[in-house]
Amino acid sequence: MSAARVPGLPLMPGNEFRDPTKADFRRAQSLNYRNGYSVPAVPVSATQLSQAEIDELASFQPHLTYGQAKPAPPEDFIPSFVAFDKKVLRFYGYFKETVHESPQEYYRVRPINVYYFIEDDTIAVHEPEVQNSGMPQGRLIRRQRIPKNDVGDFYSWKDINLQQSVSFYGRTFRICDCDPFTREYLTSEGIEVNPNEEIPKDSYSTQRQKKEEPRNYKTPSDFDKLRQFVENDRKVLRFYAAWDDRENMFGEKRKFIIQLNPALRSVCCWRISRPCVHHRWHCPRGRHFLLQLHLFLWL
């Protein structure tokens, strides 16, 4: 016999009672046969829901029965010095320095780099060092929070943009450019970054660049006439040559001796078994030579 639970009593041994009038203990069939095929049958439950119960389940709200759902745990808190660690906004600019008692220049343009540290809103200003500049360069303002006005407000990354001037401790700096990370960060925060601006050049910097440019020097000749005369004295270069004039009438092949004196750079030429044809002299070179003897070396 199946046990029936009495409503209102806990589900514990002794609180269940059997129905003595129940005589059918068969289990419900899960399959029916139609036209020789087994078809799954929908079991008829003893506890069939009424239309009112169905309507109640349609408008059932669990939080009214079980209370409010537990909220999701909040995300882990990340402090700003951890989230923005090693993230720096870098701006490029310049400032003008007045030059007194100089006839060549009235002011001097000095480029700078402005570093803004997002983690603690501090600013540092550095000037790139130039070799042999003769001026103290490097760190101009150490890393710190710089006041913006007399009220006590400090500079923020929202106050710095391109083509703008900022005043740090009474000195005005002009912001001209920034690096790609700075431009991307400001754009992501909804700030419209102005176009770049070129840093002007002063007369002093232009003159220094011209002086530092590589120059072309012409090395003077080390030729020494006295040294040539001392080292090449009594030295003669002898060549044997021939003048072939047999193509013309009564022409013949004549043999010559050409002597070159390196000490005096003079040439002497005479025909073998004949007196000297040309005395020792400085013979010109090129097509303007009047004699133009067709001589060939003959050893």
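Quick caveat: nothing in here was measured; it's all calculated off a predicted structure. (Residues numbered from 1 in each chain as written. Predicted model: local features only at pLDDT ≥ 70, side-chain atom pairs only at ≥ 80, totals over all residues. Heavy atoms only, no water.)

(A) Here's a closer look at the pattern of salt bridges. Inspection of every chain in the model, using the stated rule, returns ten salt bridges. Here D179 and R90 are joined by a salt bridge, their closest N and O atoms 3.8 Å apart. Residue D179 is found in the loop between strand 10 (171-178) and helix 4 (180-188), and its partner R90 is found in strand 5 (residues 88-98); the two are separated by 89 residues along the sequence. Relative accessible area serves as the criterion here: at 12%, D179 is assigned to the buried category. Residue K148 pairs with D159 through a salt bridge whose shortest N-O separation is 3.2 Å. (Salt bridge = Lys/Arg side-chain N within 4 Å of Asp/Glu carboxyl O. Helix = DSSP H or I, 4+ residues; strand = E, 2+ residues; numbered from the N terminus. Buried < 20%, exposed > 50% of the residue type's maximum accessible area, 1.4 Å probe, protein only.)

(B) The nonpolar core, seen in detail. One finds F91, I123 and F168 to be the most contacted residues of the largest nonpolar core, which totals 24 residues. Among the elements of the structure, strand 5, strand 6 (107-117), strand 7 (122-127), strand 9 (164-168), strand 10 and helix 4 are those that each provide at least two residues to this core. Contacts of F91, omitting those with residues within four sequence positions, involve I112, N113, V114, I160, L162, I175, D177, C178, T182 and L186. (Core = buried A, V, L, I, M, F, W, Y, C linked by side-chain atoms within 4.5 Å. Contact = heavy atoms within 4.5 Å.)

(C) Structural context of the pairing of strand 13 (residues 266-271). Sheet topology note: the strand 12 (residues 253-261)/strand 13 ladder contains six bridges and is antiparallel. Its bridge partner lying in strand 13, Q259 is registered against C268. Linkage of strand 12 to strand 13, two consecutive antiparallel strands, is achieved through a turn of four residues, within which R265 is found at a positive phi near 55 degrees. (Pairing = 2+ DSSP bridges.)

(D) How the structure looks around the sheet that holds strand 8 (residues 138-144). Reading across the sheet, the six strands line up as 8-7-6-5-10-9 and stay open at both edges, with antiparallel pairing between neighbours. Both edges of this open sheet fall to strand 8 and strand 9, since each of them pairs with a single strand only. Across the sheet, the mean angle separating the axes of adjacent strands is 30 degrees when strand polarity is ignored. The pairing of strand 5 with strand 6 spans eleven bridges and is classified as antiparallel. By the bridge assignment for strand 6, F91 is matched with V114. Relative to the sheet, helix 4 contacts strand 5 and strand 10, its axis offset from that of strand 5 by approximately 110 degrees. (Axes fitted to C-alpha atoms, helices over the stretch in contact; angles between N-to-C directions.)

(E) Expanded view of the packing of aromatic side chains. Applying the stated criterion to the full structure yields six aromatic pairs. Each ring, one from Y155 and one from F168, has its centre 5.2 Å from the other, and the planes form 80 degrees; the classification is edge-to-face. Separated by 13 residues along the polypeptide, Y155 in the loop between strand 8 and strand 9 and F168 in strand 9 bring together distant segments of the chain. Taken together, the ring pairs connect F95, Y155, F168 and F173 into an aromatic cluster. If you follow R145 out to its NZ or CZ, it ends over the ring of F154, 4.4 Å from the centre. (Phe/Tyr/Trp six-rings, centres within 6.5 Å; stacked < 30°, edge-to-face > 60°. Lys NZ or Arg CZ within 6 Å of the ring centre and 35° of its normal.)

(F) Examining the environment of E97 more closely. Position of E97 among the secondary structure elements: in strand 5. Note: C-alpha distance between E97 and V109 (twelve residues apart in sequence) is 6.5 Å. Residue contacts for E97: discarding those within four places in its chain leaves Y107, R108, R110 and M135. Looking at E97, its side chain comes within polar contact range of the side chain of R110, at 2.9 Å. (Polar contact = N/O pair within 3.5 Å; in protein donor to acceptor, adjacent residues only side chain to side chain.)

(G) Main features of the pairing of strand 4 (residues 37-40). Here strand 3 (residues 31-34) pairs with strand 4 via four bridges, running antiparallel. Of the residues in strand 4, the one forming a bridge with R34 is Y37. Between the antiparallel neighbours strand 3 and strand 4 lie two residues, among them N35 with a positive phi of about 55 degrees.

(H) Up close: the confidence of the model for the chain. Overall, the prediction assigns the chain a mean pLDDT of 80, with 85% of residues at 70 or greater. Across the chain, element-level confidence peaks in strand 7 with a mean pLDDT of 93 and bottoms out in strand 15 (residues 296-297) with 36. This model gives residues 287-299 a pLDDT under 50, and the stretch forms 24 contacts once residues within four places in sequence are excluded. (pLDDT = per-residue confidence, 0-100.)

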